[in-house]
Amino acid sequence: MIDLRALREDPDRLRASQLARGEDPSVADRLLGLDSERRSALTRFETLRSEQKSMGKSVSKASPEERETLLVRAKALAADVKAAEAEADRLAAELERAVAGVPNLVEEGAPEGGVDDFKVIETVGVPRTFDFTPRDHLELGEKLGAIDMERGAKVSGARFYFLTGVGAQLELALLNMAMNQAVAAGFTPMIPPVLVKPETMEGTGFLGSHADEVYRLPADDLYLVGTSEVPLAGYHAGEILPADALPNRYIGWSPCFRREAGSYGKDTRGIIRVHQFNKVEMFVYTHPDDAHEEHLRLLAWEREMLDKLELPYRVVDIAAGDLGTSAARKYDCEAWVPTQETYRELTSTSNCTEFQARRLNVRFRGEDGKPRFAATLNGTLGTTRWIVAILENHQREDGSVVVPEALRPYLGRDVLEPVG
């Protein structure tokens, strides 16, 4: 959630952020109005309560003749105090709800506009020119005995799948390679729970505009996570971290679940857009002043993985109107998919500044010893969708696939051969 003190000092920043996102800038004035009403109500309550305390002392010192009159006044004052407290609480709750619905402030420099207004920062590698008609990842996966969509649908429904044989081995190899790279860079490996409480899901900002993409288990009041960002963000909820321990870098491996609501007709073939997948995710708690540079480091680690896999890709700066609720800035890396003749997202890294930490109450002690909210960041380092780009970009005419050299020690083979 946003900082009300900062809003009072510079409301134009929120107005500009809302405009960049394509949302209502007048929310700044509504918040300021509610904040003013709440503070006035709180002042009235505290004034009346102070008067009530003074009245209590007067009653105890009053003569019998005066006491009855004072008691009548005290009773009326007690009712006023109770009403003033209720009004202050009501306004505080209304303000809290209003603030919770406001997305993070967009970082200066992020492109304005919507989903198609991203800025291409850099294009790496040249898409391969084939001297044969390339197969798509599903046809390749079936020839290799690696992907079984038909039985996935039989068992679980549309957009579910089995990774079989070398498909399962390929995913494990890819994700182990990502984990090892992160651990070598100083990340702490984590396998988190994938069912979380409502306050954890709400705290990360996933129950706002994206709530319809989240699976919920009503009987248990728990949510299935769409990324290990969620449990890792909640890992230090309600804690004060030692400042000298920052940044706290975690690398989480988890299955992820997404309803993909509203995406019918999009990428329904194969494993590009599915309901369940595995992912290795970087998550960082750091000092807010260091968040921008840490964001660039996360992007660099993502690019390192893509370079190892010898994939052509581009880096894009996501436009403000396409940012998630929690993100102030987001960079995606999109790999070339030959059969689609376009780039598709493989990684995403977001700087969430102090937005999630405020909601989850994650703090550290500053140099003055006072608690401050930390900044949180996240970034993808490997996921099931990467198999799409690996198979399609490294295929051969006979349906075999050359394994990128960096991946061979993890997979134990140089080439994936058709099984039939």
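Structural notes, computed from the coordinates.

Here is what the cut-offs are and how they apply
- Residues numbered from 1 in each chain as written.
- Predicted model: local features only at pLDDT ≥ 70, side-chain atom pairs only at ≥ 80, totals over all residues.
- Heavy atoms only, no water.
- 1 Å grid on protein atoms, 1.4 Å probe; cavity = no way out; pocket = protein on both sides within 12 Å on 5 of 7 lines; lining within 4 Å.
- Points joined across faces, edges and corners; volume = space filled by probe spheres on them.
- Helix = DSSP H or I, 4+ residues; strand = E, 2+ residues; numbered from the N terminus.
- Nonpolar A, V, L, I, M, F, W, Y, C, P; charged D, E, K, R; others polar.
- Buried < 20%, exposed > 50% of the residue type's maximum accessible area, 1.4 Å probe, protein only.
- Polar contact = N/O pair within 3.5 Å; in protein donor to acceptor, adjacent residues only side chain to side chain.
- Phe/Tyr/Trp six-rings, centres within 6.5 Å; stacked < 30°, edge-to-face > 60°.
- Disulfide = S-S within 2.5 Å.
- Pairing = 2+ DSSP bridges.

We now examine the layout of surface pockets. Taken as a whole, the second largest pocket holds about 510 Å³ of empty space. Residue assignment for the lining of the second largest pocket shows that the elements contributing at least two residues are helix 1 (4-9), helix 4 (64-100) and strand 15 (371-373). Ranked by the residues each element gives to the lining of the second largest pocket, the list is headed by helix 4, at four residues. Here the residues of the lining of the second largest pocket are counted per class, giving eight nonpolar, no polar and nine charged.

This part takes up the side chain of threonine 347. Turning to its location among the elements, threonine 347 is positioned in strand 13 (residues 342-351). Assessed through its relative accessible area of 0%, threonine 347 is described here as buried. Within the structure, the side chain of threonine 347 is placed 3.1 Å from the side chain of glutamate 302, a separation counted as a polar contact.

It is worth spelling out empty space enclosed by the protein at this point. Counted by the stated rule, this structure contains one cavity of 30 Å³ or more. In this structure, the largest cavity spans a volume of roughly 40 Å³. Looking at the largest cavity, the residues that line it are Ile272, Val337, Arg344, Leu346, Arg385, Val388 and Ala389. The class makeup of the residues in the lining of the largest cavity is five nonpolar, no polar and two charged.

Turning to the environment of alanine 182, a few remarks are in order. Its place among the elements puts alanine 182 in helix 7 (residues 166-184). Taking relative accessible area as the criterion, alanine 182 reaches 2% and is therefore assigned buried. With 119 residues separating them along the chain, alanine 182 and tryptophan 301 place their C-alpha atoms 8.0 Å apart.

Summed over the entire model, instances satisfying the criterion amount to six aromatic pairs. With centroids separated by 5.4 Å and ring planes inclined at 75°, the aromatic side chains of tyrosine 235 and tyrosine 250 adopt a geometry described as edge-to-face. Placement of tyrosine 235 in the loop between helix 9 (229-234) and strand 8 (240-241) and of tyrosine 250 in strand 9 (residues 248-257) is noted, with a sequence separation of 15 residues between them. Tyrosine 250 gets classed as buried once you look at its relative accessible area, which sits at 9%. Ring centres 5.1 Å apart and planes at 70° place the aromatic pair tryptophan 336 and tyrosine 343 in the edge-to-face group. Neither tryptophan 336 nor tyrosine 343 differs from the other in exposure class; each is buried. Among the aromatic residues, ring-to-ring pairing joins Tyr235, Tyr250, Phe283 and Tyr285 into one connected group.

This next bit is on unusual backbone geometry. Of note, the bond from leucine 246 into proline 247 is cis; its omega dihedral lies within 30 degrees of zero at 0°. With respect to the helices, strands and loops of the structure, proline 247 is situated in the loop between strand 8 and strand 9. Positive phi values are uncommon outside glycine, yet glutamate 310 reaches one of about 55°. On the secondary structure map, glutamate 310 appears in the loop between helix 10 (291-308) and strand 11 (313-317). Given a relative accessible area of 45%, glutamate 310 falls into the partly exposed group. The phi dihedral of asparagine 361 falls on the positive side, at around 60°, and the residue is not glycine. Mapping asparagine 361 onto the fold places it in the loop between helix 11 (355-360) and strand 14 (363-365).

Overall, the coordinates contain zero disulfides when judged by the stated rule. Cysteine 256 takes part in no disulfide bond, and the closest cysteine sulfur to it belongs to cysteine 352, at a distance of 16 Å. Cysteine cysteine 333 remains unbridged, with the sulfur of cysteine 352 as its closest cysteine sulfur at 17 Å.

Below, the discussion takes up helix 12 (residues 386-393). Across the eight residues that make up helix 12, a large majority, eight, are buried. Within helix 12, burial applies to Trp386, Ile387, Val388, Ala389, Ile390, Leu391, Glu392 and Asn393.

Now for the pairing of strand 11. Counting buried residues in strand 11 gives five out of five residues, a clear majority hidden from the surface. Because side chains alternate across strand 11, one face comprises the buried residues Tyr313, Val315 and Asp317, and the other comprises Arg314 and Val316, equally buried. Where strand 1 (residues 119-124) and strand 11 come together, five bridges link them in antiparallel fashion. Note that in strand 11 the partner of valine 124 across the bridge is tyrosine 313. Sheet topology places strand 11 next to strand 12 (residues 329-337); five bridges connect them, and they run antiparallel. Note that in strand 12 the partner of tyrosine 313 across the bridge is alanine 335.

Within a regular strand, the side chains alternate between the two sheet faces. With respect to burial, strand 12 is a largely interior element, nine of its nine residues being buried. Bridge count for strand 12 against strand 13 is nine bridges, and the pairing is antiparallel. Its bridge partner lying in strand 13, glutamate 334 is registered against glutamate 345. In this structure, the hairpin formed by strand 12 and strand 13 is closed by a connection of four residues, where glutamate 341 is found at a positive phi of approximately 50°.

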